[in-house]
Amino acid sequence: MPPVHAALPSLAPLLPELILGIGVLVLILYGAWRGERSAETVSVGALVLLLFALFVVISQPAHGRVTTLSGAFVSDAFSKVMKSLVLLGSAAAIVLSHDFFRREKIDRFEFPVLIVLCTIGMMVMVSANDLIALYLGLELQSLAAYVIAAFHRDDVRSTEAGLKYFVLGALSSGMLLYGASLIYGFTGTVSFPGIVTALNDQAGAGIVLGIVFVAAGVCFKMSAVPFHMWTPDVYEGSPTPVTAFFAAAPKMAAVSMTVRVFIGALPDVTAVWQQIFVFVSIVSMALGSFAAIGQRSIKRLMAYSSIANIGYALIGLASGSQEGIEGLVLYMIIYLAMTLGTFAIVLSLRRRDVMFESIEDLSGLSRTHPWIAFCLAAMMFSLAGIPPLAGFFAKFYVFAAAIKAGLVTLAVIGVVTSVVGAYYYLRIVKIMYFDEPKERYEPMAPGLRVVLALSSVVVILFVVMPDPLRAAAANAAKSLF
């Protein structure tokens, strides 16, 4: 008999990940060879690498679904949109970090390398089509994230943030892995399409328990209540560009991973997990909105804001419909722009060698820096969901999907918590425009200006040209159903 040769898997869907993987190895070798002098070059190299990977992702076919690695990895319109968001968030984090790290004298080549490694993990999470690929991507992302949380080694708060994130992250990974093992044990497969076939519309007690543990694990990664406890401390303790990164790219990957698991592997038992996400959504919106009221630090306020925003996004998932996922994807696109724009402004609050992070430090900003105040006001109004800014439409689409799915109470609670949340967003606008001004801050760094300008365009002009983003969200949702 002639020898049987196993067909090699197609690597075309993996091209963006391969580019980042090979590129990051080159950057590590260059950084190790040149030492600390290589920090600037490695940062530029990492940024070019991320933007090139973004170009490759965008160039991939928009329609159709391609799997590789024995079905463990999938490329479709959903992965295309979410990977683009992950890459944009990671690239923005490198741009935001450049001036900050140089001034703080912690400008080391390891940071952009860790960002790229984290990004590879996140992209695997987005495209995972079985439980093992999902866990591998999650751990690659998490291990790099624990290190960058504690990147400022001489700062006690940063070290504490990294340690808290590591201990709680290990716990959540264990819960997710236990849930995945239960699902595998009761279905006999780790493949998402295989799980759909094995369940056949039936979920026994073992499967339900597995779903609960997996939901607990993914809720931690999204920082949704009741697994949010790490978020305020890690956001406040980490260096500010790291906080901006955590609030942006990993959120995109965590939400994508959640959608892949529950829409991709468990669509026939929606009634089981829908109750979990309705509860998680309600408590996340409520805690995020009420806990932020008393905050004095902008970073802690943004932490609670991110918890509330994940609650709103999960309304789309709880709907369990194509319209709900479309609303969720659009919400994440707009949330990314609002978050990056806000953190670009927070990073510009510097006088000489002192960074300012208190809400009171924004006093009278409209008179000393009118354009920055205008952009921050736009971000705050958008986060509050006030028309005609992008944040209003983000909430409108997820609320409409919930009502269409019969979750009227959930939508009403979302509207009420939005009103509560508007208080602390509008308070920032009041401080900027009506309080007495303080001493001027230093001019904004060019990188921060670029991120702020692009974010402001999305937030302010979405009402004029909503179609490109809506079409991208619609295609992404359609590819899952």
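Residues numbered from 1 in each chain as written. Predicted model: local features only at pLDDT ≥ 70, side-chain atom pairs only at ≥ 80, totals over all residues. Heavy atoms only, no water.

### Overview of the overall build of the chain
Thought 1: Scanning the chain from terminus to terminus reveals 20 helices and four strands.
Thought 2: With the principal axes as the frame, the chain shows a C-alpha extent of 80 × 60 × 40 Å.
Thought 3: For the chain, the proportion of its 481 residues judged to be buried stands at 59%.
Thought 4: Considering only residue pairs separated by 6 or more positions, the chain has 81% of its internal contacts joining residues 24 or more positions apart.
Thought 5: Seen as two clouds, the 31 positive and the 28 negative side-chain charges of the chain have centres 4 Å apart. (Helix = DSSP H or I, 4+ residues; strand = E, 2+ residues; numbered from the N terminus. Buried < 20%, exposed > 50% of the residue type's maximum accessible area, 1.4 Å probe, protein only. Contact = heavy atoms within 4.5 Å. Lys, Arg positive; Asp, Glu negative; His and termini not counted. Charge placed at Lys NZ, Arg CZ, Asp CG, Glu CD.)

### Digging into the packing of helix α6 (residues 156-187) against helix α8 (residues 205-222)
Thought 1: Orientation of α6 relative to α8, taken along the N-to-C sense of each, is 155°, at an axis distance of 7 Å. Here α6 is positioned roughly antiparallel relative to α8, judged by the angle of their axes. Regarding α6 and α8, the two cross each other, and that crossing is left-handed.
Thought 2: For the contact of α6 with α8, a count of residues per class yields 17 nonpolar, eight polar and one charged. (Axes fitted to C-alpha atoms, helices over the stretch in contact; angles between N-to-C directions. Parallel < 35°, antiparallel > 145°, perpendicular 65-115°, else oblique. Left-handed = near helix turned anticlockwise from the far one by under 90°. Nonpolar A, V, L, I, M, F, W, Y, C, P; charged D, E, K, R; others polar.)

### Remarks on the nonpolar core
Thought 1: The biggest cluster of nonpolar side chains holds 172 residues, and the ones touching the most others in it are F246, F262, L266, F277 and M332.
Thought 2: No other element matches the 17 residues that helix α14 (residues 322-346) contributes to this core.
Thought 3: If we ignore the near neighbours within four places in the chain, the residues touching M332 are M82, L85, K251, M252, V255, I310 and A313. (Core = buried A, V, L, I, M, F, W, Y, C linked by side-chain atoms within 4.5 Å.)

### A short note on the pattern of salt bridges
Thought 1: For the coordinates displayed, the defined rule picks out 14 salt bridges.
Thought 2: A salt bridge links K438 to D361; the nearest nitrogen and oxygen atoms lie 3.7 Å apart. Note that K438 is positioned in the loop between α18 (408-434) and α19 (446-461) and D361 in the loop between β4 (354-355) and α15 (365-368), a separation of 77 residues in sequence.
Thought 3: Residue classification places K438 among the partly exposed residues on the basis of a relative accessible area of 39%.
Thought 4: Owing to a relative accessible area of 12%, D361 belongs among the buried residues under this scheme. (Salt bridge = Lys/Arg side-chain N within 4 Å of Asp/Glu carboxyl O.)

### Comments concerning the packing of aromatic side chains
Thought 1: Within this structure, the stated rule accounts for 24 aromatic pairs.
Thought 2: Judged by centre distance (4.7 Å) and plane angle (80°), the rings of F101 and F111 are edge-to-face. With F101 in helix α3 (residues 77-104) and F111 in helix α4 (residues 110-127), this residue pair connects regions lying ten residues apart in the sequence. Across this residue pair, the class does not change: F101 and F111 are buried.
Thought 3: Members of the aromatic cluster, connected to one another through ring pairs, are Y146, Y165, F166, F220, W230, F245 and F246. (Phe/Tyr/Trp six-rings, centres within 6.5 Å; stacked < 30°, edge-to-face > 60°.)

### Digging into the side chain of S75
Thought 1: Relative to the helices and strands, S75 is located in strand β2 (residues 73-75).
Thought 2: Once you skip the residues sitting within four places of it in the chain, S75 turns out to touch P13, Q60, G64, R65 and V66.

### Digging into helix α12 (residues 270-291)
Each α-helix turn comprises 3.6 residues. Residues three or four places apart therefore point the same way.
Thought 1: With 22 residues, α12 ought to run about 32 Å at 1.5 Å a step, and its terminal C-alpha atoms sit 31 Å apart, in line with that.
Thought 2: Along α12, the positions that sit buried rather than exposed are T270, W273, I276, F277, V278, V280, S281, S284, M285, G288 and S289.
Thought 3: At its buried positions, α12 is contacted by α8, α11 (249-265), α13 (298-319) and α18. (Expected span 1.5 Å × (residues − 1).)

### Overview of the state of the cysteines
Thought 1: With the rule as written, the count across this model stands at zero disulfides.
Thought 2: Distance from the sulfur of C118, which forms no disulfide, to the nearest cysteine sulfur (C219) is 19 Å. (Disulfide = S-S within 2.5 Å.)

### Considering α6
Thought 1: Taking 1.5 Å as the rise per residue, α6 with 32 residues should run 46 Å; its terminal C-alpha atoms sit 46 Å apart, in good agreement.
Thought 2: G188 lies just past α6 and shows a positive phi near 80°.

### Focus: unusual backbone geometry
A negative phi angle characterises most non-glycine residues, just as the trans form characterises most peptide bonds.
Thought 1: Across the junction of V225 and P226, the peptide omega takes the value 5°, indicating a cis bond.
Thought 2: Assignment of secondary structure puts P226 in the loop between α8 and α9 (231-237).
Thought 3: In this structure, the amide linkage connecting P387 to the following residue, P388, adopts the cis form with an omega of 5°.
Thought 4: With respect to the helices and strands, the residue P388 is situated in the loop between α16 (370-384) and α17 (390-404).

### Quick notes on a nonpolar patch on the surface
Thought 1: A contiguous nonpolar patch, built from L11, L18, I22, V26 and L69 and spanning about 430 Å² of accessible area, is present on the exposed surface.
Thought 2: Mapping L18 onto the fold places it in helix α1 (residues 15-34).
Thought 3: Judged by relative accessible area, L18 falls into the partly exposed class, the value being 35%. (Patch = residues over 30% accessible without salt bridge, like charges linked within 9 Å, V, L, I, M, F, W, Y side chains within 5 Å. Areas by Shrake-Rupley, 256 points an atom, 1.4 Å probe, with all protein chains shown as cover.)

### Side note on the environment of M338
Thought 1: Following the sequence through the fold, M338 ends up in helix α14.
Thought 2: Note: C-alpha distance between M338 and I120 (218 residues apart in sequence) is 24 Å.

### Some details on the confidence of the model for the chain
Thought 1: Looking at the chain, pLDDT values average 88 and 98% of them are 70 or higher.
Thought 2: Every residue in residues 1-6 is under pLDDT 50, and counting partners more than four places away or in other chains gives zero contacts. (pLDDT = per-residue confidence, 0-100.)

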